[in-house]
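Coordinate inspection notes
Each chain is listed here by its residues.
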Amino acid sequence: MAMASLLSCRKYVENVPIQGQRVLVYTQDFRLLMDNREQLEKAIGIPPVLSSDDVDLTAQTLQDNIMSNNIRRAVYTWGKPFYVDRNNDYDWDILYAANYVCNVVINGVMESKNGLPEVKNAILGEALVHRAYNFFTLVNLYAKQYDAASAGKDPGIPILLKPELLGNLTRRTVKDTYEQIIADIRQAIPFLPGKPVSNTRPSKAAAYALLSKVYLNMRDFASAAAFADSSLAISGQLYDYNEAIAGSSPVFPAQYNDVQVLLRKVPRQTYSAIQLSQPLLDLLGTKDIRYELFVKSGTRFYPSFTGLGYWSRQNYGDGPAVGLSVNETWLIKAECLARAGKKDEAVTMLNTLRKLRFRPADYADLAAATADAALQLVVDERRREFFGTGLRWFDQRRLNKDALFAKPVTRVFNNVTYTLEPDGNGYVFPLASILITQNPEITQNP
């Protein structure tokens with residue numbers, strides 16, 4: 001099947017691929033669909049990065065640059081709406097377009113010809129994991145953070161399970177969305193290999209990691225810990241950042257070669273001049289290898305600025321890693337241990353990772369007197385490990401459910417102070433106006 005674009009008044013499929021010159025008949029046709037990296041590897045875009053407290057664009061050159069872009073200005077100041085008139089939200093569009101491909105595969109591969117049952121099952125499993133990952137991303141961008149007390153009535157996202165051009169786009173609840181995500185992953189796991197041929201394809205290790213992440217967001221910490229264990233038992237190797245700085249100049253491995261990457265995902269779009277906030281820099285310190293690798297002078301970016309910026313791994317030849325990883329799963333397990341009161345076990349896991357993030361001469365073990373102190377250490381380490389990628393935004397959302405971490409975030413832009421309140425509506429991205437106009441059954445966020 002050739003993949004082409006279909007212009008439609010139905011916004012979610014405006015750029016969705018459909019059947020074209022060749023009909024999907026053979027199992028290999030579906031294999032080729034699932035190996036379309038350009039379609040399936042795209043994840044979050046710029047908004048989670050600019051919205052997070054990793055970023056503080058105090059430099060005047062950056063404020064001037066943001067002023068020239070209405071969408072980025074709204075994102076940075078947590079304003080509503082982001083997208084007006086006929087502006088498209090390409091993050092929404094691309095994730096739903098990818099799920100359209102997944103739905104084509106899920107609904108057709110088992111009836112395809114010339115394929116062994118185990119091959120068909122593996123392709124089906126991959127499509128289910130990709131769909132679940134995209135639903136999880138969408139619900140955590142465009143809906144409220146999961147809360148067991150309100151998830152059954154909070155608006156989630158449209159749950160599209162078939163490749164229909166005129167499907168029902170009414171938003172299901174957050175609870176419905178999470179239940180579908182979990183069902184997809186659980187259905188997929190028996191069909192997947194433990195480790196994939198390439199980390200562009202989902203595996204059991206990736207599926208367990210995704211389940212762990214989903215349950216972490218649901219605050220089911222026992223389940224999150226159990227599935228983290230299942231993932232780490234299959235693929236639990238961490239990368240030693242000392243290897244990246246061993247030569248005359250830093251060389252960071254591409255995601256394809258990074259032992260930590262379980263499922264490769266890259267941002268749809270990146271913003272080059274990300275000025276890092278002072279609280280993040282203070283937390284990171286200057287002896288951390290992550291500082292050496294991923295923090296550079298603002299003079300090295302465009303537009304240049306005074307201060308320090310995020311030197312993405314894109315500058316080492318590959319996109320930022322925002323998919324599923326061993327290091328995130330490792331830190332999920334550590335967090336669950338701390339929350340269960342097992343502070344020493346949590347800190348031991350933390351120190352195992354941190355030894356690979358410092359030169360031996362600069363390293364010192366951490367210690368925690370209480371479970372809350374251990375939890376704070378884990379949350380701080382997550383911030384150090386993933387700063388600049390946008391993943392911090394998702395942590396901010398879920399941590400607002402903890403009194404220990406719920407606090408307002410403020411930033412000054414164009415001489416005006418903006419405040420993001422804990423668990424406020426600023427943590428829920430608005431839907432594009434054109435999406436509501438063309439699909440009136442979709443309700444807007446507050």
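On a predicted model such as this, the values are computed, not experimentally measured, just so you know. Think of each chain on its own: its residues are numbered from 1, step by step along the sequence as written. Only residues with pLDDT of 70 or above have their local features reported here, since the model is predicted, and side-chain atom pairs are shown and tallied only from 80 upward, although totals for entire chains, interfaces and linings are computed over all residues. Derived side-chain values reflect all non-hydrogen atoms in the structure, with water molecules and hydrogen atoms excluded from consideration.

1. Thoughts on the nonpolar core
Our working definition: Definition used in this section: a nonpolar core is a set of buried Ala, Val, Leu, Ile, Met, Phe, Trp, Tyr and Cys residues joined via side-chain atoms within 4.5 Å. Three labels apply to residues, based on accessible area from a 1.4 Å probe with only protein chains included: buried if under 20% of the type maximum, exposed if over 50%, partly exposed otherwise in between. Every helix listed is a DSSP run of H or I at least four residues long, and every strand listed is a run of E at least two residues long, numbered separately from the N terminus. Whether two residues are in contact is decided by their heavy atoms, any of which lying within 4.5 Å being enough.
Ile-185, Leu-210, Val-214 and Leu-293 are the most contacted members of the largest nonpolar core, which totals 140 residues. Top contributing element to this core by residue count: helix H7 (residues 117-142), with 13 residues. In this structure, Leu-293 is in contact with Tyr-241, Ala-244, Ile-245, Pro-250, Phe-252, Trp-311 and Tyr-316, ignoring residues within four places of it in sequence.

2. Quick look at the packing of aromatic side chains
Our working definition: Pairs were defined over the aromatic rings of Phe, Tyr and Trp, the Trp ring being its six-membered one, requiring ring centres within 6.5 Å. Orientation was assigned from the angle between planes: stacked under 30 degrees, edge-to-face over 60, tilted for the rest. Placement of a positive charge over a ring is assigned whenever Lys NZ or Arg CZ falls within 6 Å of the ring centre and within 35 degrees of the normal to the ring plane.
Using the criterion set out here, one finds 22 aromatic pairs in the structure. Between the aromatic rings of Tyr-76 and Phe-413, the centroid separation amounts to 5.8 Å while the plane-to-plane angle is 75 degrees, which identifies the pairing as edge-to-face. With a gap of 337 residues between them, Tyr-76 in helix H5 (residues 70-76) and Phe-413 in strand S7 (residues 409-413) connect regions that are remote in the sequence. Here the aromatic rings of Tyr-239 and Phe-252 are separated by 5.6 Å at their centres, their planes lie at 80 degrees, and the arrangement is edge-to-face. With Tyr-239 in the loop between helix H10 (221-234) and strand S3 (261-263) and Phe-252 in the loop between H10 and S3, this residue pair connects regions lying 13 residues apart in the sequence. For Tyr-239, a relative accessible area of 10% puts it in the buried group. Each member of the aromatic cluster is reached from another via a ring pair, and the members are Phe-82, Tyr-83, Trp-393, Tyr-427 and Phe-429. Between Arg-357 and the ring centre of Tyr-241, over which it is positioned, the NZ or CZ distance is 3.8 Å.

3. With respect to the confidence of the model for the protein
Here is the rule we go by: Confidence of the prediction at every residue is given by pLDDT, a number between 0 and 100.
Within the protein, residue pLDDT values average 93, and 95% of them lie at 70 or more. Within the model, the stretch residues 1-21 combines pLDDT values under 50 with 68 contacts to residues more than four positions away or in other chains.

4. A closer look at the side chain of Ser-52
Formally: What qualifies as a polar contact is a pair of N or O atoms within 3.5 Å, subject to a donor-acceptor requirement within protein and to the restriction that residues adjacent in sequence count only when both atoms come from side chains.
Position of Ser-52 among the secondary structure elements: in the loop between helix H3 (47-51) and helix H4 (60-67). Looking at Ser-52, its side chain comes within polar contact range of the main-chain oxygen of Val-49, at 3.1 Å. Excluding residues that lie within four positions of it along the chain, Ser-52 makes contacts with Arg-392, Trp-393, Gln-396 and Arg-411.

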